[in-house]
Amino acid sequence: MIAKPMISPQKAAELVQDGMVVHVGGFLGCGSPERIIQALLERGAKNLTLVCNDTAVYDPKTGRKNGVAPLVLAKAFSRVIVSHIGTNPETQRQMNAGEMIVDLVPQGTLAERIRAAGCGLGGFLTPTGVGTEVENGKQKFEMNGRTYLLELPLKGNIALLKARKADKAGNLVYSKTARNFNPLMAMACDIVIVEAEEIVEIGSLDPDQIHTPSIFVDYIVQA
Amino acid sequence: MRETAMEYVENKEIIARRIARFFKTGNVVNLGIGLPTLVANFVPAGETVILQSENGLIGLGPAPDADHVDKDLINAGAQPVTLQVGGCYFDSATSFGIIRGGHVDFTVLGVLEVDQEGNLANYKIPGKLVPGMGGAMDLVAGSKKVIAATTHFEKSGSSKLKRRCALPLTAQKEVDYVVTDLGVFEIKNNTFVLTEYFAPYTPEYIVEKTDADVVVSEHCKLSDI
């Protein structure tokens, strides 16, 4: 297997160019690549479109924040495509002020749209959102007596992932609920950068226990 | 309107206790954030339910003590949790395959409004509160049975049970049961059918105080909870 380039968080932040569609792993900050996010913040990234489960956690009272929340505060995103913004009031403020577009997508639909992008599917039919605002502008299909919405794949220019372990070829193992969207995004983006807590030699991971095959990963950052 | 001497006292615990009685050993259950989370505390002795959390696990256990918090192990509300022996983790597509695929027996969700057609609104108050639907739309559309858990009244005094939801819907005609602190309702033929009521309330009080069509089931009984 071919070893992948090991790069600094700063180099990773340079690969993320302003204007790109960026997939970021994590669920309320759990399983997000914090060092790359910090480097993006320091680089002053702008005009990005974020694809992520949510805009993470920001508590204005304590100042506590995690995941992509610092980038939201720095106005790095012109648009976010997420399922939930309720734990980051700054997202809602920017949305109401017209500073950022927020596309709210049901979580299962978001996951499947990312999966579809990575798996070469042209879209899929889901019952989720029928009879709600989510169906606006979407094609509907009747199949076996049930109504479905056509949902389309959601590709990205670059994925920023977090893994528990990576071998130097880019095979990944995630930890517990920090897995979430990471393995889906690994397949859905042109460039994939993983921030791994531990980087090990090729051959030292049990091939039966690998969550993401190495071929999806382009760069590795030490967490 | 007839004045009633009976006074309403909010009681979230009785809602959680009663919902827990729906579950049987082997059921896969997803509990929403807030009041539904309390249900886990009241699963009857002898029934082993499997709790699913949409961020990617089955076998959800109780919160750890402060020394055993694991940053990688949270529930869908970002609270630290534990995994029961035999539980496992998976990615978000698998998690929603479980949910949308009909492999969850019961989902329990909170309510802004629920109506007699089984429509649920619980994710948005336009112009005021727009947190996003998270996993709620998939959970309500995909679970075998949907239980709406709510105190019976809004702060204004009107019931959260409506003839027709005015707020944006989370899902259309998917709610099976509504459990409030007054009683248990089944949604049938576009009405709330009262099947059980909690002391000290009476079916007459519940019908009178609910801003929707409530039918008292012929089998309606006083709860022994």
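Residues numbered from 1 in each chain as written. Chains lettered and ligands numbered in written order. Predicted model: local features only at pLDDT ≥ 70, side-chain atom pairs only at ≥ 80, totals over all residues.

For the rest of this paragraph, the subject is the overall build of chain A. A tally of regular secondary structure across chain A gives six helices and 11 strands. Taken against the 2.2 N^0.38 rule, which gives 17 Å for 223 residues, the C-alpha radius of gyration of chain A at 18 Å falls within 12% of a compact globule. Seen through its C-alpha atoms, chain A measures out along the principal axes to roughly 50 × 45 × 30 Å. Within chain A, the proportion of its 223 residues that are buried is 52%. Taking as baseline every contact in chain A between residues at least 6 positions apart, the subset at least 24 positions apart corresponds to 75%. (Helix = DSSP H or I, 4+ residues; strand = E, 2+ residues; numbered from the N terminus. Rg over C-alpha atoms; globule rule 2.2 N^0.38 Å. Buried ≥ 20, exposed ≤ 12 C-beta atoms within 10 Å, placed from the backbone. Contact = placed C-beta atoms within 7 Å.)

Looking now at the overall build of chain B. A tally of helices and strands in chain B yields five helices and 13 strands. In summary, chain B has a C-alpha radius of gyration of 18 Å against a globular reference of 17 Å for 225 residues, a match within 12%. Counting only C-alpha atoms, chain B reaches 55 × 40 × 30 Å along its principal axes. A buried classification covers 48% of the 225 residues belonging to chain B. Residue pairs at least 24 apart in sequence account for 63% of intrachain contacts in chain B once pairs closer than 6 positions are excluded.

A few words on the packing of helix H5 (residues 107–119) of chain A against helix H3 (residues 92–100) of chain B. Across the interface, H5 of chain A lies against H3 of chain B with an axial gap of 9 Å and an inter-helix angle of 130°. The pairing of H5 of chain A with H3 of chain B is recorded here as oblique in orientation. Seen from above, H5 of chain A lies across H3 of chain B with left-handed handedness. Where H5 of chain A approaches H3 of chain B, its residues Gln107, Gly108, Ala111, Glu112 and Arg115 of chain A are matched on the opposing element by Ser92, Ala93, Phe96, Ile99 and Arg100 of chain B. (Axes fitted to C-alpha atoms, helices over the stretch in contact; angles between N-to-C directions. Parallel < 35°, antiparallel > 145°, perpendicular 65-115°, else oblique. Left-handed = near helix turned anticlockwise from the far one by under 90°.)

This part is about the environment of proline 203 of chain B. Residue and element names in this part refer to chain B. By the element assignment, proline 203 lies in helix H5 (residues 203–209). For the pair formed by proline 203 and proline 131, sequence separation is 72 residues and the distance between their alpha carbons is 36 Å. Not counting chain neighbours up to four residues away, the residues in contact with proline 203 comprise Leu194, Tyr197, Val216 and Cys220.

By a frequent convention, interface size equals the accessible area lost on bringing the separate parts together. Each partner contributes to the interface: chain B provides 31 residues, whereas chain A provides 36 residues. Where the side of chain B that touches chain A is concerned, the elements lending two or more residues are H3 and helix H4 (136–142) of chain B. Residue contributions to the side of chain B that touches chain A peak at five residues, all from H3 of chain B. Among the residues forming the side of chain B that touches chain A, the class breakdown is 16 nonpolar, eight polar and seven charged. (Nonpolar A, V, L, I, M, F, W, Y, C, P; charged D, E, K, R; others polar.)

With that settled, consider the sheet that holds strand E9 (residues 161–162) of chain B. All names here are of chain B. Reading across the sheet, the three strands line up as E7-E6-E9 and stay open at both edges, with mixed pairing between neighbours. The sheet is open, and its two edges are formed by strand E7 (120–121) and E9, each paired on a single side. Strand direction decides the pairing type here: strand E6 (residues 113–115) and E9, joined by two bridges, are parallel. Considered in E9, the bridge of valine 114 is made with leucine 161. (Pairing = 2+ DSSP bridges.)

Time to look at the sheet that holds strand E7 (residues 146–151) of chain A. Residues and elements named next belong to chain A. Taking strand neighbours across the sheet as the criterion, the three strands line up as E5-E7-E6 in an open arrangement whose pairing is antiparallel. Both outer strands of the open sheet, strand E5 (124–126) and strand E6 (140–143), are each paired with one neighbouring strand and no more. Strand-to-strand twist across the sheet, computed as the mean angle between neighbouring axes with direction ignored, equals 40°. As defined by bridge partners, E6 adjoins E7 across four bridges and the pair is classed as antiparallel. In the strand pairing of E7, methionine 143 is matched with arginine 146.

In this section: helix H2 (residues 34–43) of chain A. Residue and element names in this part refer to chain A. Those residues of H2 that sit buried are Ile36, Ile37, Ala39 and Leu40. Viewed end-on, H2 has its buried residues packed into an arc of 160°, placing them on one side of the element. Looking at the packing, one finds that the buried side of H2 touches helix H1 (9–15), helix H3 (69–73), strand E8 (156–167), strand E10 (189–200) and strand E11 (219–222). At the exit of H2 stands glycine 44, carrying a positive phi of roughly 75°. (Arc of directions from axis to C-beta.)

Now for the confidence of the model for chain B. Taken as a whole, chain B shows an average pLDDT of 95; of its residues, 98% reach a score of 70 or greater. What the predictor reports for the complex is a pTM of 0.97 with an ipTM of 0.97. (pLDDT = per-residue confidence, 0-100.)

All names here are of chain B. The residue isoleucine 19 is located in helix H1 (residues 12–20) in this model. Between the alpha carbons of isoleucine 19 and glutamate 208 there is a distance of 24 Å; along the sequence they are 189 residues apart. In this structure isoleucine 19 touches Val39, Val108, Ile147, Ala149 and Val179, once residues within four positions along its chain are discounted.

With that settled, consider unusual backbone geometry. Note that the residue after alanine 199 of chain B, namely proline 200 of chain B, is joined by a cis bond; omega there is 10°. Within the secondary structure, proline 200 of chain B sits in the loop between strand E12 (191–197) and H5. Despite not being glycine, alanine 56 of chain A has its phi angle at roughly 65°, a positive value. As for its position among the elements, alanine 56 of chain A is in the loop between strand E2 (48–51) and H3. Assessed through the 29 C-beta atoms surrounding it within 10 Å, alanine 56 of chain A is described here as buried.

On to the pairing of strand E3 (residues 77–82) of chain A, then. Residues and elements named next belong to chain A. As judged from the four bridges shared by E2 and E3, these two strands associate in the parallel manner. Counted as the bridge partner of leucine 48 is phenylalanine 77 from E3. As paired elements, E3 and strand E4 (residues 101–104) share four bridges and run parallel to each other. The residue of E4 that forms the bridge with valine 80 is valine 102.

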